[in-house]
There are 2 protein chains.
Amino acid sequence: METQGGFLISRIKHLADRVFERMLKECGIDAFNGAQGRILYVLWQHEELPIGRIGQLTSLAKTTLTGMLDRMEEAGLIRRMANPGNRRQILVSITPKMKDYRDQYEQVSQKMNRLFYKGFSDEEIARFEVRLKAIIRNLESEGDDLENG
Amino acid sequence: METQGGFLISRIKHLADRVFERMLKECGIDAFNGAQGRILYVLWQHEELPIGRIGQLTSLAKTTLTGMLDRMEEAGLIRRMANPGNRRQILVSITPKMKDYRDQYEQVSQKMNRLFYKGFSDEEIARFEVRLKAIIRNLESEGDDLENG
DNA sequence: GACTTATTGTACCTTATAGTACTATACTCT
DNA sequence: AGAGTATAGTACTATAAGGTACAATAAGTC
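Residues numbered from 1 in each chain as written. Chains lettered and ligands numbered in written order. Predicted model: local features only at pLDDT ≥ 70, side-chain atom pairs only at ≥ 80, totals over all residues. Heavy atoms only, no water.

## Here we look at unusual backbone geometry
Residues and elements named next belong to chain A. Residue Ser59 is not a glycine yet carries a positive backbone phi of 65 degrees. Within the fold, Ser59 resides in the loop between α3 (51-58) and α4 (62-74). Classification of Ser59 as buried rests on a relative accessible area of 2%. (Helix = DSSP H or I, 4+ residues; strand = E, 2+ residues; numbered from the N terminus. Buried < 20%, exposed > 50% of the residue type's maximum accessible area, 1.4 Å probe, protein only.)

## Details of the protein's contact with DNA strand D
Neighbouring residues of DNA strand D: 26 residues in total, closest Asn33, Thr64 and Arg71 of chain A together with Arg18 and Gly52 of chain B. A share of 73% is what sugar and phosphate atoms reach among the atoms of DNA strand D within 4 Å of the protein. Note that a sugar or linking oxygen of DNA strand D is positioned 3.3 Å from one of the side-chain N or O atoms of Arg88 of chain A. When contributions to the surface near DNA strand D are tallied by element, the ones reaching two or more residues are α2 (34-46) and α4 of chain A together with α1 (5-26), α3 (51-58) and α4 (62-74) of chain B. (Near = heavy atom within 4 Å. Polar contact = N/O pair within 3.5 Å; in protein donor to acceptor, adjacent residues only side chain to side chain.)

## A look at the packing of α2 of chain A against α4 of chain A
All names here are of chain A. For the pair α2 and α4, the least separation of the axes is 11 Å and the interaxial angle reads 95 degrees. Considering the angle they form, α2 stands roughly perpendicular to α4. Contacts from Ala35, Gln36, Ile39 and Leu40 of α2 reach α4 at Leu65, Met68, Leu69, Arg71 and Met72. For the contact of α2 with α4, the per-class residue count stands at seven nonpolar, one polar and one charged. (Axes fitted to C-alpha atoms, helices over the stretch in contact; angles between N-to-C directions. Parallel < 35°, antiparallel > 145°, perpendicular 65-115°, else oblique. Contact = heavy atoms within 4.5 Å. Nonpolar A, V, L, I, M, F, W, Y, C, P; charged D, E, K, R; others polar.)

## Focus: the pattern of salt bridges
Residue and element names in this part refer to chain B. In this structure the tally under the stated criterion is 16 salt bridges over all chains. The closest approach of N and O atoms between Arg80 and Asp70, which form a salt bridge, is 3.1 Å. Of this pair, Arg80 sits in strand β2 (residues 78-82) while Asp70 sits in helix α4; the two residues are 10 residues apart in sequence, bridging distant segments of the chain. Note on Arg80: relative accessible area 23%, which makes it partly exposed. On the basis of relative accessibility, which here comes to 40%, the residue Asp70 falls in the partly exposed class. (Salt bridge = Lys/Arg side-chain N within 4 Å of Asp/Glu carboxyl O.)

## Regarding the nonpolar core
Counting 92 residues, the largest nonpolar core has Ile39 and Leu139 of chain A together with Ile39 and Leu139 of chain B as its most contacted members. Aside from chain neighbours lying at most four places away, what touches Ile39 of chain B is Ile54, Thr58, Leu60, Leu65, Met68, Leu69 and Met72 of chain B. (Core = buried A, V, L, I, M, F, W, Y, C linked by side-chain atoms within 4.5 Å.)

This is the structure we're talking about:
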């Protein structure tokens, strides 16, 4: 059977990234970009997270996060704070001014997903996302997350 | 309805990239990496392509391809040739030695897809890939390819 | 307590991706 | 033919992504 899941996912990622960047700008969000938005997305849900946990939730390598968080801290989007309970850990949280962006970001995300899933029924979307999550589990089971940690 | 297609696709892309790079190395392919492999993938199918067409087939921006093809040419993977029939175009083709890698790459791809789709029936895979292609069409319809092309 | 191992994050480097601006060529229209 | 427009690709720059190597802290073991 000729499958090409990885290739198709790559194509979708590139297309979606370009469309999403454009939507953010068109909707007047210039405080952060798409990649930063995905990190903010998990921080809006958790308030405060160590970097390794952000890596798990976004599937980004910790080395990627070092640089991303540097730029986001520089831009005033997030703050790094030492964790007194575990001095190896750095706790990341959103700055007060960024909390207000959550609704705006959510609206652009939903606009994006309406295009993404155009022609899909609600049930088809739900079933599709179940598959996406299964694939994430498959890939994570390969031990990638252990090294990523 | 709370959907998060773009976020899940991003996660899959990052995870899949890391796993795929590792598989290529483990299978002894060190002549090229995953991103280069996706460009070779369309060249194996078409023998000779102008750069813009590679962009359409891979969903990469032409500016991305300039740099990628520079490195691939430098590494002896591909060749650029002027198109006498249209002097704006550059035709890209695979070097003879790279033609032999096609089978090897295909095997690693299929190994990757077996992990990717672990627990999926053939019918589920087929249905899922139909959805992926629908999403590509949705995103392309946003006019992104016009600017890219 | 000292020694080893595991965890957490960073520094440094390379490649990938794409936007903006540009050059060169082709096409269109009068 | 000449003027304007569209197409094809590159140069330059910035950000994203991650691998290798490392430092600091914590946890486990004797």
